[in-house]
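# Secondary and tertiary structure notes
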Amino acid sequence: MPETFFITTPIYYVNAEPHIGHAYTTIMADLVARHHRQRGEDVFFLTGTDEHSSNVVRLAAEAGRTPREHADLNADRFRELGRVVGATTDFFIRTTDREHVEGVQRVMERLRESGDIYRGAYAGWYCTSCERFYLDSELLEGHVCPIHNRPVDWVEEENWFFRLSAYSDRLLARYDEDPGWVLPAARRNEARRMIEDGLEDLSISRAGVDWGVRVPWDPDQTVYVWVDALFNYYTALEYARPGEDLVARFWPPTLQVMAKDILKFHAVIWPALLMAARLELPRRLMIHGYVLKGGEKMSKTTGNVVDPFPFIAEYGIDALRYYLAREVRFGEDGTFTAEGFEARYSQELGNELGNLLNRVVSMIGRYRDGVVPADPGGDDELAGEVAAAVEATLAGYDRLDISRALEDQWRLVQRLNRLVEQRAPWTLAKDPARAGELDQTLFSLAEGLRAAAILLWPVIPGSAERILSSLGQDAADVAIARAAWGAGRGGARVAPTGPLFPRIEEKVA
Ligand SMILES: [Zn+2]
C-alpha cells in the first residue's frame with residue numbers, strides 16, 4: 001500500500017474576489033500535492049468555499065438573489081481559479097453541500113458528548129467580515145477591526161459555548177511533542193503564546209441566524225460559521241467519493257496550508273475541537289505569509305488587489321507558478337512586482353530554460369539526425385549533480401522549503417547552460433575524431449534536461465511535459481524515480497517545439 005498524503009487549503013470565503021493570495025495558497029498546495037504524487041503516494045487534495053456567512057445573506061438580498069443563488073455564482077469563481085492555476089484538486093467542498101451540513105451536525109453531537117459544550121451568555125465586539133468576536137485589547141481605536149479597518153458591532157446573546165480554556169495543557173503538550181508541527185517557527189511561537197496567555201471559551205453557535213447549519217439539539221441556533229468551516233476538512237472525506245471510506249484512508253490531514261491571518265483558528269481552536277470530537281489531529285500545519293505589493297497586503301479591504309488573471313493570460317500559468325514559488329519564500333511574506341515577474345520570466349524561464357531546450361533539441365537534430373546518442377559513460381560529475389538535485393528536491397519538499405528546492409533545481413539548469421558553452425558542440429561537430437565527445441555532450445545535455453524537467457514538474461507542469469515530449473520521452477511519466485541519471489528512454493527521437501516561454505516583445509507584436 002502506498003503512503004497516503006492528505007493536503008488541504010482553507011476553504012475560501014465565497015464573497016471574496018479571487019486574488020493573488022488565494023491563487024498563491026492554492027498553487028503552493030498544488031506544488032506539494034504534485035510532488036507527493038511524483039513519489040507514488042496516494043494523494044488527496046482538498047479545497048472549496050466557505051458559504052455560511054451573514055454577509056452572504058445581506059449581499060444576496062442587495063443583488064435580488066437567494067443566498068444559495070448568490071453562493072452558487074461565487075463558488076464558481078473559485079472553482080475557476082483552481083482550474084486556471086492548474087490545481088490538481090481531488091474534491092471541491094462547499095459548506096452548503098447537504099452532506100457537509102449533516103456531517104457538521106454529527107460532529108456537533110460528538111463535541112457535545114465531550115461534556116465541554118455548555119449554554120451561556122455572551123456579550124462582545126463582533127466583526128461580521130471576520131465572523132469572530134474581538135477583545136477590546138485586540139481592536140484598533142474606536143472599536144475598529146484590525147483586519148478590515150471597519151467598526152465592529154456590539155453583540156449580546158445566549159448561545160452554546162465550547163470549553164476551549166480546558167484544552168490549554170493538551171495543546172501545549174502537542175506543541176512540545178513535535179517542534180515541526182506548526183511551521184514556520186515564528187508562527188508556531190505565536191500560536192503557542194496565544195495558548196500560554198490563556199484561552200477564553202468559544203461561542204460556537206449564533207441565535208437568530210437562519211443561513212447556516214442548525215445546532216441539532218437546539219434548532220433556534222446555527223453553528224458558528226468557523227466551526228462549520230473548519231470541519232470541512234473532515235466532512236469532505238465522508239462524501240467526496242460515494243461508496244468509498246476516505247476517512248479511514250486519509251484522516252488525519254498530512255498537511256494543512258493556510259495564510260497567517262487564520263493562524264489562531266487552525267493552530268489553537270481547530271486542534272482543540274478535534275480533541276473534543278476524539279479525532280486525530282493534523283500531522284502538520286504550514287502557515288504562509290502574504291504576497292505583498294508595494295509593501296501592503298494585496299487584499300480587497302486595503303484596496304490594493306493584484307488580479308492574477310491578466311498575468312496568467314499574458315504569460316501562461318507556469319510563469320506565475322514559477323514566480324510565486326521562487327520569489328516568495330514559503331512561510332514568509334514576499335513581494336509581487338510586475339518588473340520582477342518579467343525579469344524572471346525572460347531571464348530564467350525564457351533564456352535559461354526555454355533556450356536551453358531549443359539548443360539541445362536543434363543540436364541533436366543537426367548533428368545526430370534527431371536521435372539522442374546512447375550514454376558513452378564518463379559524465380560522472382554531472383550525474384552526481386543530478387543525484388544531488390534529486391536529493392535536494394526531496395529534502396526541500398520534506399522541510400517545505402520549496403523556494404530552496406527550486407533554487408537547487410535551477411542550479412542544474414544553469415549548469416547545463418554552462419556545459420553547452422564549455423563543450424561547444426558546434427566545434428566538436430567539425431572534427432570527426434571527436435565524435436565520441438560530441439555523443440557524450442549531447443547525451444548529457446538531454447539527460448540533464450530530462451531530469452530537470454521531472455524535478456520542475458510540480459512548479460511548471462505544462463512546460464515540463466513539453467520538455468519531456470520534445471526530448472522524445474513519455475510526458476505522462478514524471479515519477480521522481482525517473483529523474484535518476486540514465487533512467488530515460490533510450491534511443492529517443494527529439495522533436496522541436498515552439499518557444500516554451502516566448503519573448504515578451506514577440507507577444508506584443
Ligand atoms: Zn474583520
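Treat the numbers as computed from the prediction; the structure is a model and nothing was measured.

### A closer look at the overall build of the chain
Each helix and strand counted, the chain has 19 helices and 16 strands in total. The C-alpha radius of gyration of the chain comes to 26 Å, within 12% of the 23 Å expected for a compact globule of 509 residues. Here the C-alpha coordinates of the chain stretch approximately 90 × 50 × 40 Å along the principal axes. Evaluated residue by residue, the chain yields a buried proportion of 57% over its 509 residues. Contacts spanning at least 24 positions in sequence make up 77% of the contacts within the chain whose residues lie at least 6 apart.

### Describing helix H6 (residues 185-196)
Compared with an ideal rise of 1.5 Å per residue, which puts twelve residues at 16 Å, H6 spans 16 Å between its outermost C-alpha atoms and is within 8% of the ideal. Along H6, the residues classified as buried are Arg187, Arg188, Ala191, Arg192 and Ile195. For H6, the buried positions fall inside an angular range of 135° around the axis, keeping them on one side. The inward-facing, buried residues of H6 abut helix H5 (168-177), strand E7 (182-183), helix H10 (263-276) and strand E13 (285-288).

### Topic: the coordination of the zinc ion
The coordination sphere of the zinc ion contains the protein donors Cys127 (SG), Cys130 (SG), Cys145 (SG) and His148 (ND1), at a distance range of 2.1 to 2.3 Å. One chain supplies every donor to the zinc ion, and in sequence these donors are spaced C-x2-C-x14-C-x2-H. On the basis of relative accessibility, which here comes to 16%, the residue His148 falls in the buried class.

### As for the sheet that holds strand E6 (residues 153-162)
A sheet is described by the order of its strands in space; here four strands give the open sequence E5-E4-E6-E8, paired in antiparallel fashion. Across the chains shown, the open sheet's two edge strands, defined by having one partner strand only, are strand E5 (132-134) and strand E8 (202-203). The pairing of E6 with E8 spans two bridges and is antiparallel. Paired with Phe161 across the strands is Ser203, a residue of E8.

### A short note on the pairing of strand E1 (residues 4-13)
Burial of E1 is extensive: eight of the ten residues sit out of reach of the surface. Note that E1 and strand E2 (residues 42-50) share eight bridges and pair parallel. Bridge pairing links Phe6 to Phe44 in E2. Between E1 and its parallel partner E2, the chain crosses via helix H1 (residues 20-38), and the hand of that crossover is right-handed.

Calculation criteria
Residues numbered from 1 in each chain as written. Predicted model: local features only at pLDDT ≥ 70, side-chain atom pairs only at ≥ 80, totals over all residues. Heavy atoms only, no water. Helix = DSSP H or I, 4+ residues; strand = E, 2+ residues; numbered from the N terminus. Rg over C-alpha atoms; globule rule 2.2 N^0.38 Å. Buried < 20%, exposed > 50% of the residue type's maximum accessible area, 1.4 Å probe, protein only. Contact = heavy atoms within 4.5 Å. Expected span 1.5 Å × (residues − 1). Arc of directions from axis to C-beta. Donors = N, O, S within 2.8 Å, 3.2 Å for Na, K, Ca; no water. Pairing = 2+ DSSP bridges. Right-handed = clockwise from strand over helix to strand, strands pointing away.

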